[in-house]
Amino acid sequence: MIHEYSRCWAEVDLDNLRHNLRTLRGLLAPGAKHCFVIKADGYGHGLLPVAQCAVNEGVEWLAVATVSEGIALRQAGISCPILVLAPILSLDCDVLVRYDLRNLVEELAAAQALAVAARRQGRSVRVHLKVDTGMARFGAQPEEAVDLACSIADIPCLVLEGIATHFSSCAVDLPYTHKQYEGFIRIVEELERRGLHVPLLHCANSAALIRMPKHVQHALVRSGLLAFGIRNVPCPDVDLRPVLTWRTRIMALREIPAGRRVGYGGTWTTEKRTRIATLGTGYADGYPRELSNKGCVLIHGQEAPIRGIVCMDQTMVDVTRIPEARVGDVVGLVEGPITAERLAEWVGTTPHEIPCRLTGRVPRIYLNE
């Protein structure tokens, strides 16, 4: 029960997640499947509950960042295709094969290491070639990609199942994204001319699902953040509901006279008699320290500004204008008008980062399981 958590907790509304997944399914092109990206502990919402909810809702593919995330899904009984998006080391190859995970590869040596592991186990392994069309993070260079794909396709015990790229700037720079896509398609067309047909093409992410034409979706759309009702791209006409609510409580209250400094370093000073509430959350819970002196929380439906530096375990806010505030009252950290997007704007980061910051000492409560 929610009332058991007296200090700080997060509520994850699985009904809202189901709603959002259905909404995104309605944006898919005919034949495209949703590859739901649930890396980083389901963007902080909880890997296994989110995955199980998505699979029950009909999501066909899941994507993670690490082999350990993929193993956790398999051990929980999830059998759908799971794609490991990040590069792995050779020491991960055996377990990746054993748990029937896919992997993006960028070089021949990585594909060969996976094939060796598959051969040892008397199995085959499916890989997707990652092509770097302008992200410069991971992927084969475009001028090498065609020859590399042909070489990978010839390796025994290995199946070249897909070719992928990643749009680096779709939310902010459509011309650059179109340039990336054109480079990706040139590689695919050259492979077809050489007689190599790779069945699964994928490049569209959440922003591309909203901003790019449907033909860009191909076989898979790797979308993550939007399903959690957090928008990293304007889409006011898309009916998405917030999945995460992050709450804490007022742990202490005091009246501070004028001229008194508040918090570490004395970065804020009272100009008049001020009522300061101390909240049971801090940066050790994942609450951004960058919100010091500029963020707000929600108390009795009103916004209370943060005063002073966000501490490791507590945060101080000004409740002078909220006289009904009492010790034990519930406080919204991410709730209602205090959205993850708004926190990200205050912090100067991407909305992706806000739920990912939640640490392990913040209990997750799953509503509507």
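What counts, and where the lines are drawn
Residues numbered from 1 in each chain as written. Predicted model: local features only at pLDDT ≥ 70, side-chain atom pairs only at ≥ 80, totals over all residues. Heavy atoms only, no water. Helix = DSSP H or I, 4+ residues; strand = E, 2+ residues; numbered from the N terminus. Contact = heavy atoms within 4.5 Å. Areas by Shrake-Rupley, 256 points an atom, 1.4 Å probe, with all protein chains shown as cover. Lys, Arg positive; Asp, Glu negative; His and termini not counted. Charge placed at Lys NZ, Arg CZ, Asp CG, Glu CD. Phe/Tyr/Trp six-rings, centres within 6.5 Å; stacked < 30°, edge-to-face > 60°. Buried < 20%, exposed > 50% of the residue type's maximum accessible area, 1.4 Å probe, protein only. Core = buried A, V, L, I, M, F, W, Y, C linked by side-chain atoms within 4.5 Å. Pairing = 2+ DSSP bridges. Expected span 1.5 Å × (residues − 1). Polar contact = N/O pair within 3.5 Å; in protein donor to acceptor, adjacent residues only side chain to side chain. Axes fitted to C-alpha atoms, helices over the stretch in contact; angles between N-to-C directions. Parallel < 35°, antiparallel > 145°, perpendicular 65-115°, else oblique. Left-handed = near helix turned anticlockwise from the far one by under 90°.

(A) View of the overall build of the protein. In terms of helices and strands, the protein carries 11 helices and 18 strands. Viewed in the frame of its principal axes, the protein has a C-alpha envelope of about 80 × 45 × 40 Å. Restricting to contacts in the protein with at least 6 residues of sequence separation, those with at least 24 account for 67%. Carbon together with sulfur atoms contributes 51% to the accessible area of the protein, which is approximately 15,800 Å² in total. Each charge sign in the protein was given a centre, from 41 positive and 40 negative side chains, and these centres are 5 Å apart.

(B) Summary view of the environment of Val 198. Assignment of secondary structure puts Val 198 in the loop between α8 (174–193) and β8 (200–204). Each C-alpha atom of the pair Val 198 and Leu 160 lies 6.8 Å from the other, and the pair is 38 residues apart in sequence. Dropping the residues within four chain positions of it, Val 198 is found in contact with Leu 160, Glu 161, Gly 162 and Ile 163.

(C) Representation of the packing of aromatic side chains. Applying the stated criterion across every chain yields a total of 3 aromatic pairs. Ring centres of Phe 36 and Phe 228 lie 5.5 Å apart, and the angle between their planes is 35 degrees; on these two criteria the pair is classed as tilted. Residue Phe 36 is found in strand β2 (residues 33–37), and its partner Phe 228 is found in the loop between β9 (220–223) and β10 (244–256); the two are separated by 192 residues along the sequence. Each member of the pair, Phe 36 together with Phe 228, is buried. Ring centres of Trp 246 and Tyr 287 lie 5.8 Å apart, and the angle between their planes is 80 degrees; this geometry places the pair in the edge-to-face category. A residue pair is termed long-range when its members are at least 10 positions apart, and Trp 246 in strand β10 and Tyr 287 in the loop between β13 (274–279) and β14 (296–299) qualify at 41 residues. Trp 246 sits in the buried class, given a relative accessible area of 0%. Chaining the aromatic ring pairs together yields one cluster made of Phe 36, Tyr 43 and Phe 228.

(D) Fine view of the nonpolar core. Residues Leu 17, Phe 36, Leu 62 and Ile 299 are the most contacted members of the largest nonpolar core, which totals 124 residues. The biggest single contributor to this core is α8, with 6 residues. Look past the residues within four positions of Leu 62 in its chain and what remains in contact with it is Cys 35, Phe 36, Ile 38, Ala 51, Val 55, Leu 73, Ile 78, Cys 80, Pro 81, Ile 82 and Leu 83. By size, the runner-up hydrophobic cluster in this structure holds 6 residues, among which are Ile 256, Val 262, Trp 268 and Ile 276.

(E) Structural context of the pairing of strand β16 (residues 315–318). By the alternation rule, side chains of β16 split into Thr 315 and Val 317 and Met 316 and Asp 318, which are all buried. Of the strand pairs in this sheet, β13 and β16 are connected by 4 bridges, and their pairing is antiparallel. Bridging from a neighbouring strand, Ala 277 pairs with Val 317 of β16.

(F) Broad picture of unusual backbone geometry. Not every positive phi belongs to a glycine, and Ala 40 is a case in point at roughly 55 degrees. If you trace the backbone, Ala 40 turns up in helix α2 (residues 39–43). Take Ala 40: its relative accessible area is 39%, and that puts it in the partly exposed class. In this structure, Asn 293 is a non-glycine residue whose phi angle is positive, near 65 degrees. Considering the arrangement of structural elements, one finds Asn 293 in the loop between β13 and β14.

(G) The environment of Pro 49, seen in detail. Topologically, Pro 49 is positioned in helix α3 (residues 47–56). In this structure Pro 49 comes out as partly exposed when scored by relative accessible area, which is 25%. Separated by 318 residues in the primary sequence, Pro 49 and Leu 367 place their C-alpha atoms 11 Å from one another. Dropping the residues within four chain positions of it, Pro 49 is found in contact with Leu 14 and Tyr 366.

(H) Structural view of helix α1 (residues 14–25). An ideal rise of 1.5 Å per residue puts 16 Å on 12 residues; α1 measures up with 16 Å between its terminal C-alpha atoms. Along α1, the residues that are buried comprise Leu 14, Asn 16, Leu 17, Arg 18, His 19, Asn 20, Leu 21, Thr 23 and Leu 24. The inward-facing, buried residues of α1 abut β1 (8–13), β2, α3, α9 (206–211), β9 and β18 (364–367). Where α1 begins, one side-chain oxygen reaches toward the backbone nitrogen of Asp 15, 3.0 Å away; that side chain belongs to Asp 13.

(I) The sheet that holds strand β4 (residues 82–84), seen in detail. With respect to topology, 8 strands assemble into a closed barrel ordered β2-β3-β4-β5-β6-β7-β8-β9, the strand pairing being parallel. Between one strand axis and the next, the sheet turns through 30 degrees on average, direction left out of account. As judged from the 6 bridges shared by strand β6 (residues 125–130) and strand β7 (residues 158–164), these two strands associate in the parallel manner. Each bridged residue has a counterpart across the sheet, and for Val 125 the counterpart in β7 is Leu 158. With respect to the sheet, α8 is in contact with β7 and β8, its orientation differing from that of β8 by roughly 170 degrees.

(J) Region of the structure containing the packing of α1 against α3. Put simply, α1 and α3 touch, their axes get as near as 10 Å, and they point 45 degrees apart. The orientation of α1 relative to α3 falls into the category oblique. When the axes of α1 and α3 are compared, the crossing they make is right-handed. When α1 is examined against α3, the residues Leu 14, Leu 17, Arg 18 and Leu 21 are found in contact with a partner set consisting of Pro 49, Val 50, Cys 53 and Ala 54.

Remember, this is a structural readout, not a statement about activity or role.
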